[in-house]
Amino acid sequence: MAATDRQADDVLRHIRRPLLLTRLGMVAEAVVRAFWPLWSVLFVAAALLMLGLQDSVAVEWVWGAAAVLGLAALATLAIGIRRFRWPSRIGAMARMDAAMPGRPIQTAMDHQAIGAGDAASRAVWSAHQARMRARLETATAVQPDLRASKADPFALRYVALLVLSVGLLFGSVWKMGSVTAMTPGGTSLASGPSWEGWVEPPVYTRMPALYLNDIAPGELTVPEGSRVMLRFYGEVGALRVTEDISGVPLQQEAEAQTAYDLTVAQSGALSVDGPGGRAWEVLMRLDDAPQVALGGEVEASARGEISLSFSARDDHGVARGQARIDLSMDRLDRRHGLAAEPEPQDPIVVELPMPISGDRAEFEEILIEDFSQHPWANMPVTVTLTVEDAAGQSSEPAVEEITLMGRRFFEPLAAAVIEQRRDLLWSRDNAARVAQIMRAISYQPDEVFRSSVTYLRFRTILRRLETFTQFGQLTLENRDEIAQAMWDLAVILEDGDLGDALERLRRAQERLSEAMRNGATDQEIAELMQELRDATDDYMRQLSRQAQEQGEDGDQSAQQQGETMQMSQDDLQRMMDRIQELMEQGRMAEAQQALDELRRMMENMRVTQGEGGQGQQSPGEQAMEGLADTLREQQGLSDQAFRDLQDRFNPGQQGQQGQQGQQGQQGQQGQQGQQGQQGQQGQQGQGQRGQGGQPGDSDDLGQSLANRQGALRQEVERQRGNLPGAGTEAGEAAREALDRAEDAMDGAEQALRGDDLAEAIDRQAEAMDALRDGMRSLGEAMAQEQQNQGQQGMADGQQPGERQDPLGRNAGTNGQIGSEDSILQGEDVYRRARELLDEIRRRTGDGERPDAEIEYLERLLERF
């Protein structure tokens, strides 16, 4: 036995320190697993005190909670004591021995039981024990396992820890001392009662809260609807509140409380009565009702969009607003189809646009809507605007009597279809009358309809209307379906089949003449002028494409024809600018005469083009045309991004407008894509833009705005690589501008992918500015190149009259127009001379012309 004790002492001498640490860790394990319920209860109690909940409820609740928590603490303490077991030294040694390989502690303390009489066996046993004792020199303490997941499967200890964390973050340790005021003989009773108070203005006022303990007695100005909170500490009933600001004064005989919540509804007095109390004269600042006012006349575009400007203001900001549109029956001309009693129609209610950012205390905005397809389009209506603030107060309605402008149709047949559509939507009793009028219109279709497609659609609508009317099946759904079909037909009749460029040009001129005769607004005339410019460009490109297909005369004629096209573009632009200027000045007669001259010039150009050889556009013209298409597509993409941004902040408001705008852009850009395919490079560019660059085909192709912006950037990169004018100052400036456009488009693409529409619109604007700069520089480069070619032609002995305008006149190198022999070539020389002479005589007899012009025309007659 003595030998065994010596062995144990020897072993303990090597592992005394790690054994002590291991045993302490086992004590910690036993404490954690036995007493975790106790400190969970203590954590919850401390958190509730730090959050100050004892100050927000009655003292009885505090006593009840204290009793419950106290009993829970005692119960968990008893359970912990029963479960706790003090770890022994033998257990600690066993844990250490199990943690080391070979169990060296047990080996070092064992004695040889077999072979003790054999010297060799004793030597082996001694060597084995020596190795185990050497291993004890490196023994370390075993880390304790403080996990209590088996004892706490629902992790309630973590819930208690979370509650304690909330108390430490949002509460205060100092609030725990207030609980002593609720115990007999507490310190708060010795020091007397105390109180705290706050005033919280409404959130929409953006004003800070006030701490009443820091405000001296006197006047106190607060916004209407402010919340007053008072908390009393100490003996219940020692402090009381007297007030008349809530509109429902507290009853003095009511039971005393420790917490008061009041809402300021009127000016009055507020006082805390008792030790340390104060009194204030509360002045309530009224929340003014919002105001709204209309800002001028209603403007309408030729496409039917109305723009109604308004201004609104409120002391704390306008929250929302709406416009209500009602039909003015007393101002309506009840004739023809409107003589019948109308079917019930709900008023039109649209949300007013609010500023996306900035202060809404005072602002001006424009309501833009398209009511062209509504039954009340082009009828007198009453518009009522109202706005509302965050407090729910509404403004006095702003009423305006206007005409609900819709799209204007200048084509007589389209206008007739729209009128019958209006009568059908007014009342289904007009169905028979509408069918009769439509049948009369289509009596001689060859004289009315320009296309069999429109005639067939017209007849289909007529047959469906007559069938529904005859069998009494004209329900609201069928009526709306027919009305939509009539609208689509009228749009087709108005816009026509734009495949024939010359027909489109003539119709654009006729619509402009009709608008001048009917006294259209400046905005409508400007839009029709733009339509005329587009139709003219379309016609010129069609002539060029026809020249490429015919190719009768070879390269020289093609070059001359290309220069003729360029010259005609300049002349046409100057003439159309002159027409628009005359119309803006109100000189409609002169503008109409200039429009007639433009029509005759285009007809003469058609005759000249058909008789002569045709050619291809120069690389510079193709590049300029491609950049123009790219600019239009970038503008359309920017408009789409802006509509998406409006829809995000005003959902549902721009839906109808956005759809019509997209349809219009699709049609327009689809024509541009067909007109611009000239040359191999041009075809490739248009193909790329057709797939990814059109702003209205996201629904058809399933591509996002970012993908379309990226395709447009790649197209600009291709155009920059094929740009003519390399080596010249203007050509390099054009390339630098396109490089800036690429960078801006790349930024716009990244912004779109990041869903930052505002940034994308800014970068798209930069890209459009850069594209315009590039087109301007490219035009300068083309002008320099033409001038150099003209000088080279003079040096080679060529005549300076090779370039011709659409009338066949030579253009000299100094820009002057001559008419020596080119105009005399051809079989129609006498007819053209007679037309010129008749035109001079007609203008001479026009008494409305200025005297100076009439004298000039008379001198021409005397000379010829």
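The numbering scheme is per chain: residues are counted from 1 as the chain's sequence reads. Note on the predicted model: pLDDT of at least 70 is required for a residue's local features to be given, and 80 or more for side-chain atom pairs to be given and counted; whole-chain, interface and lining totals, by contrast, use all residues. Based on all heavy atoms of the structure, the side-chain values leave hydrogens and waters out of the count.

1. Here we look at the overall build of the chain
Stage number 1. Regarding its fold elements, the chain presents 25 helices and 19 strands.
Stage number 2. Working definition: with a 1.4 Å probe on protein chains only, accessible area under 20% of the residue-type maximum means buried, over 50% means exposed, and in between means partly exposed. Residues classed as buried in the chain amount to 42% of the 864 residues present.
Stage number 3. Pairs of residues are marked as contacts when any of their non-hydrogen atoms sit within 4.5 Å. Looking at the chain alone, contacts between residues at least 24 apart form 71% of all its contacts between residues at least 6 apart.
Stage number 4. Approximately 46200 Å² of the chain is accessible, and the part contributed by carbon and sulfur atoms is 52%. Under the DSSP-based scheme used, a helix requires at least four consecutive residues in state H or I and a strand at least two consecutive residues in state E, with every element numbered from the N terminus. Here, Shrake-Rupley sampling with a 1.4 Å probe gives the accessible areas, and only protein chains in the shown set may cover a residue.

2. With respect to the packing of aromatic side chains
Stage number 1. Aromatic pairs are defined between Phe, Tyr and Trp rings, using the six-membered ring for Trp, whenever the two ring centres lie within 6.5 Å; interplanar angles under 30 degrees are classed as stacked, those over 60 as edge-to-face, and all others as tilted. Per the stated rule, a full pass over the model turns up nine aromatic pairs.
Stage number 2. Ring geometry for Trp 195 versus Trp 280: centroids 6.1 Å apart, planes at 75°, classification edge-to-face. Placement of the pair is Trp 195 in strand β1 (residues 194-200) and Trp 280 in strand β8 (residues 279-285), with a sequence separation of 85 residues. Exposure class is identical for Trp 195 and Trp 280. Each is buried.

3. Description of the environment of Arg 16
Stage number 1. By the secondary structure assignment, Arg 16 is in helix α1 (residues 2-50).
Stage number 2. For Arg 16, a relative accessible area of 55% corresponds to the exposed category.

4. Digging into the UniProt feature "transmembrane region" (unreviewed entry) in the chain
Stage number 1. With numbering matched to this structure, UniProt assigns "transmembrane region" (unreviewed entry) to residues 20-49, 61-81 and 155-174.
Stage number 2. A distance of 39 Å separates the end C-alpha atoms of residues 20-49, which is 100% helix and 0% strand.
Stage number 3. Within the segment residues 61-81, helix and strand shares are 100% and 0% respectively, and the terminal C-alpha atoms sit 30 Å apart. UniProt positions are given in the numbering used here, feature names are shortened, and annotations may be inferred rather than shown by experiment.

5. A short note on a nonpolar patch on the surface
Stage number 1. Residues forming no salt bridge and having over 30% relative accessible area are the ones grouped into patches, like charges within 9 Å of each other and nonpolar side chains (Val, Leu, Ile, Met, Phe, Trp, Tyr) within 5 Å. When a carboxyl oxygen of Asp or Glu is within 4 Å of a side-chain nitrogen of Lys or Arg, the pair counts as a salt bridge. On the surface, Leu 71, Leu 74, Leu 77 and Ile 81 cluster together into a nonpolar patch covering about 410 Å² of accessible area.
Stage number 2. Here Ile 81 is to be found in helix α2 (residues 59-83).
Stage number 3. In this structure Ile 81 comes out as exposed when scored by relative accessible area, which is 54%.

6. Things to note about helix α11 (residues 452-470)
Stage number 1. A helix's residues, less one, multiplied by 1.5 Å, set its expected span. Between its first and last C-alpha atoms α11 spans 27 Å; for 19 residues at 1.5 Å apiece the expected length is 27 Å, and the two agree.
Stage number 2. Every buried residue of α11 is accounted for by Thr 454, Phe 458, Arg 459, Ile 461, Leu 462, Leu 465 and Phe 468.
Stage number 3. Just downstream of α11 lies Gly 472, where phi reads positive at about 65°.

7. A word on the sheet that holds β8
Stage number 1. Between any two strands, pairing holds if DSSP finds at least two bridges. An order of β3-β8-β7-β5 is seen for the four strands of this open sheet, with the pairing classed as mixed. Whereas interior strands pair on both sides, the edge strands pair on one side only; in this sheet they are β3 (218-223) and β5 (240-243). Averaged over all pairs of adjacent strands, the angle between strand axes in this sheet comes to 25°, irrespective of strand direction. To get an axis, a line is fitted to the C-alpha atoms, and for a helix only the part in contact is used. The angle between two axes follows their N-to-C directions and goes from 0 to 180 degrees.

8. Things to note about the pairing of β1
Stage number 1. Side chains Trp 195, Gly 197 and Val 199 project from β1 onto a buried face, and the interleaved Ser 194, Glu 196, Trp 198 and Glu 200 project onto a face without burial.
Stage number 2. Both β1 and strand β4 (residues 227-233) contribute to a ladder of seven bridges, which runs antiparallel. Bridge assignment links Gly 197 to a residue of β4, and that residue is Leu 230.

9. Regarding the packing of helix α21 (residues 705-721) against helix α22 (residues 729-753)
Stage number 1. Where α21 meets α22, the axes come as close as 9 Å, and the angle between the chain directions of the two elements is 165°. The angle between α21 and α22 falls in the class roughly antiparallel. α21 and α22 meet at a crossing whose hand is left-handed. Every residue of α22 that contacts α21 at Leu 705, Ala 706, Asn 707, Gln 709, Gly 710, Leu 712, Arg 713, Val 716, Glu 717, Gln 719 and Arg 720 is listed here: Arg 735, Leu 738, Asp 739, Glu 742, Met 745, Asp 746, Ala 748, Glu 749, Leu 752 and Arg 753. By definition in this entry, angles of less than 35 degrees are roughly parallel, angles greater than 145 are roughly antiparallel, angles of 65 to 115 are roughly perpendicular, and the rest are oblique. Helix crossings get a hand from a simple test, with the near helix turned counterclockwise from the far one by less than a right angle marking a left-handed crossing and a clockwise turn marking a right-handed one.

10. Remarks on the pattern of salt bridges
Stage number 1. Counted under the stated rule, the structure contains 29 salt bridges.
Stage number 2. A salt bridge links Arg 231 to Asp 261, with the shortest nitrogen-to-oxygen separation between them at 3.4 Å. Of this pair, Arg 231 sits in strand β4 while Asp 261 sits in strand β6 (residues 259-263), and the two are 30 residues apart along the sequence.
Stage number 3. Note on Arg 231: relative accessible area 14%, which makes it buried.
Stage number 4. Residue Glu 343 is joined to Arg 428 by a salt bridge in which the shortest nitrogen-to-oxygen separation is 2.8 Å. Of the two residues, Glu 343 is situated in the loop between β12 (318-327) and β13 (348-351) and Arg 428 in the loop between α8 (412-426) and α9 (431-441); the sequence distance between them amounts to 85 residues.
Stage number 5. For Arg 428, a relative accessible area of 30% puts it in the partly exposed group.
Stage number 6. One network of salt bridges, with partners in common, ties together Glu 343, Arg 428, Arg 479 and Asp 480.

11. Looking at the nonpolar core
Stage number 1. Among the nonpolar cores identified, the biggest contains 29 residues, and Leu 352, Val 381, Leu 385 and Leu 404 are the most heavily contacted of them.
Stage number 2. Listed by contribution, the elements that provide at least two residues to this core are β11 (305-313), β12, β13, β14 (362-370), β15 (380-389) and β16 (398-403).
Stage number 3. Sequence-distant contacts of Val 381, that is, excluding residues within four places in its chain, are made with Ile 325, Asp 326, Leu 327, Ser 328, Arg 331, Trp 376, Glu 400, Glu 401, Ile 402 and Leu 404. Nonpolar core, defined: a set of buried Ala, Val, Leu, Ile, Met, Phe, Trp, Tyr and Cys residues in which side-chain atoms within 4.5 Å join the residues together.

12. Considerations on the packing of α8 against α9
Stage number 1. At their nearest, the axes of α8 and α9 sit 9 Å apart, and the two run at 165° to each other. With respect to α9, the element α8 is oriented roughly antiparallel. At the point where α8 passes α9, the crossing takes the left-handed sense. Taken together, the residues of α9 that come into contact with α8 (itself represented by Leu 413, Ala 416, Gln 420, Asp 423 and Leu 424) are Ala 431, Arg 433, Val 434, Ile 437 and Ile 441.
Stage number 2. Side-chain classes follow a simple rule in which Ala, Val, Leu, Ile, Met, Phe, Trp, Tyr, Cys and Pro form the nonpolar group, Asp, Glu, Lys and Arg form the charged group, and the remainder, Gly included, forms the polar group. For the contact of α8 with α9, the class distribution of residues is seven nonpolar, one polar and two charged.

13. What about the sheet that holds β16?
Stage number 1. Pairing in this open sheet of four strands is antiparallel, and the strands run β13-β12-β15-β16 from one edge to the other. On the outer flanks of this sheet lie β13 and β16, each paired with one strand and no other. Each strand of the sheet is rotated relative to its neighbour by a mean of 25°, with strand direction disregarded.
Stage number 2. Note: β12 against β15, nine bridges, orientation antiparallel. Bridge pairing links Arg 324 to Thr 384 in β15.

14. Some words on α2
Stage number 1. The end-to-end C-alpha separation of α2 is 36 Å, in line with the 36 Å expected for 25 residues at 1.5 Å each.
Stage number 2. What α2 keeps buried is the set Val 59, Val 62, Ala 73, Thr 76 and Gly 80.

15. A look at unusual backbone geometry
Stage number 1. For His 336, which is not a glycine, the phi torsion comes out positive at approximately 55°.
Stage number 2. Of note, His 336 is situated in the loop between β12 and β13.
Stage number 3. Classification of His 336 by relative accessible area gives exposed; the value is 53%.
Stage number 4. Phi is positive for Asp 755, close to 65°, though the residue is something other than glycine.
Stage number 5. Assignment of secondary structure puts Asp 755 in the loop between α22 and α23 (757-795).

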